[in-house]
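Each chain, letter by letter, is given below.
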Amino acid sequence: MEGRYFATTKKGEVAEWKIELRNMDKDRRKDAVKKVIAAMTVGKDVSSLFPDVVNCMQTDDLEMKKLVYLYLINYAKSKPDLAIMAVNTFVKDSQDYNPLIRALAVRTMGCIRVDRITEYLCDPLQKCLKDRDPYVRKTAAICVVKLHDISPRLVEDHGFLDQLRDLLSDPNPMVVANAVAALSEIQEHSEVEVLKITKMMLSKLLAALGECTEWGQVFILDALAQYDTKDTREAEMIIERVVPRLQHVNGAVVMSAVKVILKNVERSGRSETTFPIYRKLAPSLVSLLSAEPEVQYVALRNINLIVQRYPTLLQHEVKVFFCKYNDPVYVKLEKLDILVKLVSMKNIDQVLLELKEYSTEVDLVFVRRSIGAIGRCAVCLEAATERCISVLVEIVQTRVNFLVQQAVIVIVDIFRRYPNRFEGVITILCENLQTLDDPEAKAALVWVLGEYADRISNASDLLETFLETFPEEEPQVQLQLLTSTVKLFLKNPSQKPQQMIQLVLSNATGENDNPDLRDRAYIYWRLLSSDPEGTKDVLFSKKPAIGNNLGQLDPELLQGLLANISTISSVYHELPDNFVSAENRSMRRHRTSSSGGVVSFGENGESGLDLPTESTKSAVGGYEGDKEASHKCTIDDLLGLGDAPAPVDQSQPHHEEQSGEQGTQPAGTEEMPSAESALPPVDSMPILLSVEKGKGLQIRGTIMMQEGTPVFHLHLLNTSQSNLSGFRIQFNKNAFGLSPASQHVKAPIVEPSSFAQTVVQLKMDSDAIVDTAAPSVLQVAVKNDVIGVSYFVARLNLESILSTTERLSPARFVECWQNLPSECEKSKSFPHAKIEDIEEVVAKLEESFLHCLARRKVENSDRLVLFLGGVVMPKSEPLLIELSYSQGRNGVQCCVKCERTKLGQMALEACCQMLEQYMVNEQ
């Protein structure tokens with residue numbers, strides 16, 4: 001459309017367009033319609049021109065009809081009564097001599113989702129399904145899907161499913177493809193079998209396969225993948241007809257063809273070594289890796305599944321999966337995974353050479369996975385283990401800290417797979433003892449020292465270096481140190497190992513707060529004191545070796561994924577039921593709500609809330625006042641408000657309510673009450689309700705304490721074509737008894753393309769507190785007079801629940817800390833991070849109303865401990881925090897205690913998120 005139609009608008013232009021739309025000159029009318037469509041495109045409300053635009057439908061000009069139909073699709077839902085005016089024209093156009101107009105009419109009627117128009121669609125649709133022109137028939141086939149989405153009952157009553165099945169025998173391949181697509185789509189939302197392929201239908205689908213468009217081929221191939229062949233001959237016939245699709249330029253066609261071929265190869269009973277079709281699959285799969293990175297990734301995820309089931313299929317194409325320097329990291333990682341699955345004695349040397357080269361890359365994740373791939377090759381190919389060990393030793397000898405640590409981890413896995421072999425490498429590993437700082441690498445080397453303590457002459461000296469820093473080590477290192485020290489003592493019960501075992505047992509059972517470490521230490525202590533020989537049986541018993549099926553999926557899962565090749569399931573490596581079922585439930589919930597059924601929030605903060613049906617709305621009744629309503633109303637009352645007046649805040653003068661309702665001041669510029677003078681910046685408020693979910697309404701908001709009272713700051717943006725007014729709000733039951741002081745939101749009329757900012761006063765009721773799985777989640781419903789009810793989730797932070805006036809005393813802190821059981825304690829450690837400026841951290845916590853009560857230094861250590869506390873409203877629950885750190889050294893720990901464990905977990909996550917802003921990670 002020409003740019004001049006988007007020129008800056010002038011005052012009174014809608015009235016000018018109305019006059020031009022009524023002009024008898026066809027060119028001027030078309031010009032006016034273009035201006036209207038241009039204004040509609042940029043978001044201007046031109047719905048007032050609906051009758052005049054509909055009158056322009058009476059024309060033979062195809063371009064004019066397309067423009068008018070576009071306007072109708074956009075405004076028919078908001079103007080259903082006026083949309084009925086266009087029905088006669090639709091019916092007339094569906095019988096026009098021009099097939100393009102017939103198809104356009106039936107397509108537009110399908111896109112207008114208005115029940116009263118849908119009833120008139122059935123007769124024209126039945127005629128178009130039998131139209132003499134194939135273009136009209138293929139368009140009508142897709143229209144049946146749209147009608148089924150609106151009213152499945154109409155589709156069944158008028159026999160449209162039988163007519164779609166008849167179109168599968170249509171002589172035009174495009175009609176066949178659209179009929180297959182329509183039946184497949186309906187099948188996904190139907191409990192009965194809609195698309196059943198017979199032997200006669202099979203031959204017609206195969207005949208149409210080579211003549212329809214690429215996406216039509218995808219639909220037909222996906223339908224063929226659901227067909228179960230009767231015998232080997234039929235399976236080989238399908239393979240023969242589908243094989244040419246492997247040469248298609250579209251990757252979706254290729255992958256769908258691969259899916260059909262692999263399924264029927266299974267039916268044929270031929271092995272991958274005797275069936276020549278396997279040799280044709282490899283080039284097609286390889287060709288997909290020359291596309292853009294995103295397509296490569298999808299292809300690689302599918303190939304990953306295929307090579308697990310058919311390992312020899314791509315055994316001669318290993319070099320194709322070598323990583324290029326400009327490959328994105330997600331492509332590189334997927335190629336690494338496939339390389340390990342394709343490795344064999346014929347290609348192990350070139351694969352190891354390539355993997356060694358990858359260890360010099362700059363991407364640490366890729367380097368880590370590359371070194372790990374060398375270990376996986378050793379685990380999978382026993383004959384190549386020595387070569388893999390040699391490569392890993394070369395990496396260790398580079399003395400690059402990160403490489404050495406990852407190589408140590410991998411070598412230990414090889415030791416566990418092949419015990420009592422390659423012991424000559426141990427000396428090289430021990431030489432790099434001082435360079436290790438990664439907990440996993442430390443634990444791996446400590447395991448070696450304990451497992452081979454009788455063959456390492458200075459094992460006690462090496463272990464002793466770790467014991468010096470035992471209290472500061474990570475839990476996994478501490479556990480391994482404990483076990484390895486016990487092994488050393490059992491293999492060499494001399495004086496020094498005896499002293500070491502006493503030291504480690506006292507450290508593990510003394511001041512340590514790790515229950516796993518403490519319990520294991522007590523078990524070893526009891527075993528050593530009662531039955532040393534029995535301890536040997538426990539520690540030196542034969543352990544299961546690491547399997548050689550690393551990275552392999554469960555056979556049953558793999559079979560299900562192979563049946564879903566070329567779908568999102570093959571990319572996720574998850575069966576469709578694991579992620580589609582929730583979406584289907586959401587769709588059913590949406591459909592039920594639109595027809596007056598029971599609606600409920602979904603998972604992750606949206607569960608456990610049932611709203612009333614239409615039949616129960618009248619039972620809810622109106623509201624006599626906020627005081628009464630606040631005790632008996634939940635979020636479901638929003639659907640019961642009906643036409644009842646919103647509760648009026650009696651404390652405000654009546655004229656203020658009137659000004660808010662009538663919108664005498666423009667949205668976005670209105671004068672707010674004094675409580676609203678401190679609105680936060682719009683960009684700082686998260687989007688709670690998107691434009692899509694809000695049907696044109698976007699809501700940003702945040703909850704905070706203001707003058708000791710919780711308030712909800714809201715920013716309402718209207719992107720719809722209608723004025724929005726009459727806003728009301730309600731919360732679901734929550735962990736803090738939060739609810740609006742009044743359901744009525746004091747906001748003016750929000751005009752299209754404008755906004756309004758307001759503040760909702762909240763209150764906390766200790767009697768309304770309920771125990772929820774996620775205390776930080778607040779389920780909210782907002783209703784207005786145009787869009788209806790919208791649901792969203794708001795997140796509560798510490799500033800919104802902690803008292804701004806009440807403060808914990810140090811004495812009460814100590815009393816509460818001692819009285820609360822250990823189950824109420826939650827903690828998190830940051831072993832590789834340090835705090836550079838603790839005063840900034842304290843100041844930030846003070847802003848969240850967490851006050852620093854005391855500081856102390858741990859005896860015989862450089863660690864400092866801060867004690868902070870806050871009071872959670874409305875029941876004045878103490879929230880206790882212990883923050884420990886070392887000045888200038890790594891190691892930060894945050895510990896939270898609260899009577900409600902879920903609330904404590906919420907506070908811990910909030911504190912750790914804040915701490916991460918002030919910590920320096922030196923890993």
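See above for the structure.
Residues numbered from 1 in each chain as written. Predicted model: local features only at pLDDT ≥ 70, side-chain atom pairs only at ≥ 80, totals over all residues. Heavy atoms only, no water.

*Asks:* What exactly am I supposed to notice about the environment of K230 here?
*Replies:* On the secondary structure map, K230 appears in the loop between α14 (214–225) and α15 (232–242). By relative accessible area, K230 is classed as exposed at 63%. A polar contact of 3.4 Å, which involves the side chain of K230, links it to the side chain of Y227. (Helix = DSSP H or I, 4+ residues; strand = E, 2+ residues; numbered from the N terminus. Buried < 20%, exposed > 50% of the residue type's maximum accessible area, 1.4 Å probe, protein only. Polar contact = N/O pair within 3.5 Å; in protein donor to acceptor, adjacent residues only side chain to side chain.)

*Asks:* How do you make sense of the packing of helix α27 (residues 475–491) against helix α28 (residues 495–509) when you look at a structure like this?
*Replies:* The N-to-C vectors of α27 and α28 enclose an angle of 155°; their axes lie 9 Å apart at closest approach. Relative to α28, the element α27 is oriented roughly antiparallel. Handedness of the crossing formed by α27 with α28: left-handed. Here L482, T485, V486, L488 and F489 of α27 come into contact with α28, specifically with P497, Q498, M500, I501, V504 and L505. (Axes fitted to C-alpha atoms, helices over the stretch in contact; angles between N-to-C directions. Parallel < 35°, antiparallel > 145°, perpendicular 65-115°, else oblique. Left-handed = near helix turned anticlockwise from the far one by under 90°. Contact = heavy atoms within 4.5 Å.)

*Asks:* For this particular structure, what's the right way to read unusual backbone geometry?
*Replies:* Glycine aside, residues mostly have negative phi angles, and peptide bonds mostly take the trans form. Geometrically, the link from M873 to P874 is a cis peptide bond, its omega value of 5° lying close to zero. One can find P874 in the loop between β14 (863–872) and β15 (877–886). Backbone geometry at S566 places phi at a positive 75°, although glycine is not the residue there. Among the secondary structure elements, S566 is positioned in the loop between α31 (555–562) and α32 (568–572). Look at K695: it is not a glycine, yet its phi comes out positive at around 55°. Within the element layout of this structure, K695 appears in the loop between β3 (687–689) and β4 (697–706).

*Asks:* Any chance you could explain the sheet that holds strand β16 (residues 889–897) here in plain terms?
*Replies:* Within a beta sheet, neighbouring strands are joined by backbone hydrogen bonds and run either parallel or antiparallel to one another. Spatial ordering of the open sheet is given by β11-β16-β15-β14-β13, a layout of five strands whose pairing is antiparallel. The open sheet is flanked by β11 (825–830) and β13 (851–857), the only strands paired with a single partner. Shown here is a sheet whose adjacent strand axes are inclined to one another by a mean of 15°, direction ignored. The pairing of β11 with β16 spans six bridges and is antiparallel. (Pairing = 2+ DSSP bridges.)

*Asks:* Explain the sheet that holds strand β5 (residues 709–718) here, please?
*Replies:* Strand order in the open sheet made by the five strands is β3-β4-β5-β8-β7, with antiparallel pairing throughout. Of all the strands in the sheet, the pair left with one neighbour each is β3 and β7 (738–740). Averaged over all pairs of adjacent strands, the angle between their axes in this sheet comes to 40°, without regard to strand direction. Where β4 and β5 come together, ten bridges link them in antiparallel fashion. Looking at the pairing, M704 lines up with V711 of β5.

*Asks:* When you look at the pairing of β5 in this model, what are you seeing that I'm missing?
*Replies:* Working note: regular strand, side chains alternate between the two faces of the sheet. The element β5 is largely enclosed, with a buried count of eight among its ten residues. Connecting β4 to the next strand, β5, in antiparallel fashion are two residues, including E707 with a positive phi near 55°. Bridging between β5 and strand β8 (residues 754–764) involves eight bridges; their strand directions are antiparallel. Bridge assignment links L717 to a residue of β8, and that residue is F755.

*Asks:* So what exactly am I meant to see when it comes to empty space enclosed by the protein here?
*Replies:* In this approach a probe as big as a water molecule rolls over the atoms, and the regions it shows empty are the leftover space. Under the defined criterion, the tally for this structure stands at one cavity of 30 Å³ or more. Of the pockets and cavities examined, the largest cavity occupies roughly 40 Å³. Together, L845, L868, I881, L883, C894, C911, M914 and L915 line the largest cavity. Of all elements in the fold, only β15 and α40 (901–915) reach the threshold of two or more residues within the lining of the largest cavity. Here the residues of the lining of the largest cavity sort into eight nonpolar, no polar and no charged. (1 Å grid on protein atoms, 1.4 Å probe; cavity = no way out; pocket = protein on both sides within 12 Å on 5 of 7 lines; lining within 4 Å. Points joined across faces, edges and corners; volume = space filled by probe spheres on them. Nonpolar A, V, L, I, M, F, W, Y, C, P; charged D, E, K, R; others polar.)

*Asks:* Can you walk me through the nonpolar core in this structure?
*Replies:* In a soluble, globular protein the nonpolar side chains are often hidden away together inside. Counting 200 residues, the largest nonpolar core has Y71, L72, L125, V242, L314 and F415 as the members making the most contacts within it. When residues of this core are assigned to their parent elements, the largest contribution, ten residues, is made by helix α23 (residues 401–417). The residues contacting Y71, other than those within four sequence positions of it, are V36, I37, M40, V46, S47, L49, F50 and V53. (Core = buried A, V, L, I, M, F, W, Y, C linked by side-chain atoms within 4.5 Å.)

*Asks:* Would you take a moment to explain the pattern of salt bridges for this structure?
*Replies:* Any two side chains of opposite charge can pair, on the condition that their charged atoms come close. Using the criterion set out here, one finds 33 salt bridges in the structure. Ionic pairing is found between E20 and K35, a salt bridge with its closest N-O pair at 3.8 Å. In this pair, E20 sits in helix α1 (residues 13–21) while K35 sits in helix α2 (residues 26–41), placing the two residues 15 residues apart along the sequence. By relative accessible area, E20 is classed as buried at 14%. For K35, a relative accessible area of 22% corresponds to the partly exposed category. The closest approach of N and O atoms between R102 and D131, which form a salt bridge, is 2.9 Å. Residue R102 is found in helix α7 (residues 99–111), and its partner D131 is found in the loop between α8 (115–129) and α9 (134–150); the two are separated by 29 residues along the sequence. (Salt bridge = Lys/Arg side-chain N within 4 Å of Asp/Glu carboxyl O.)

*Asks:* Please clarify how the packing of helix α26 (residues 459–467) against α28 should be interpreted in this entry.
*Replies:* Packed helices, taken two at a time, are described by the angle between their axes plus the distance between the axes. Relative orientation of the contacting elements α26 and α28 amounts to 20°, with a least axis distance of 11 Å. With respect to each other, α26 and α28 are oriented roughly parallel. Crossing of α26 over α28 shows left-handed handedness. Residue-level contacts link S460, D461, L463, E464 and L467 of α26 to K496, M500, L503 and V504 of α28. Split into classes, the residues belonging to the contact of α26 with α28 amount to five nonpolar, one polar and three charged.

*Asks:* What is the right way to look at the environment of R165 in this model?
*Replies:* For R165, the position within the fold is in helix α11 (residues 160–167). Along the primary structure R165 and V176 are separated by eleven residues, whereas in three dimensions their C-alpha atoms are 9.3 Å apart. Other than its neighbours up to four places away in sequence, R165 contacts L183, E193 and V194. A polar side-chain atom of R165 sits 2.7 Å from a polar atom in the side chain of D162.

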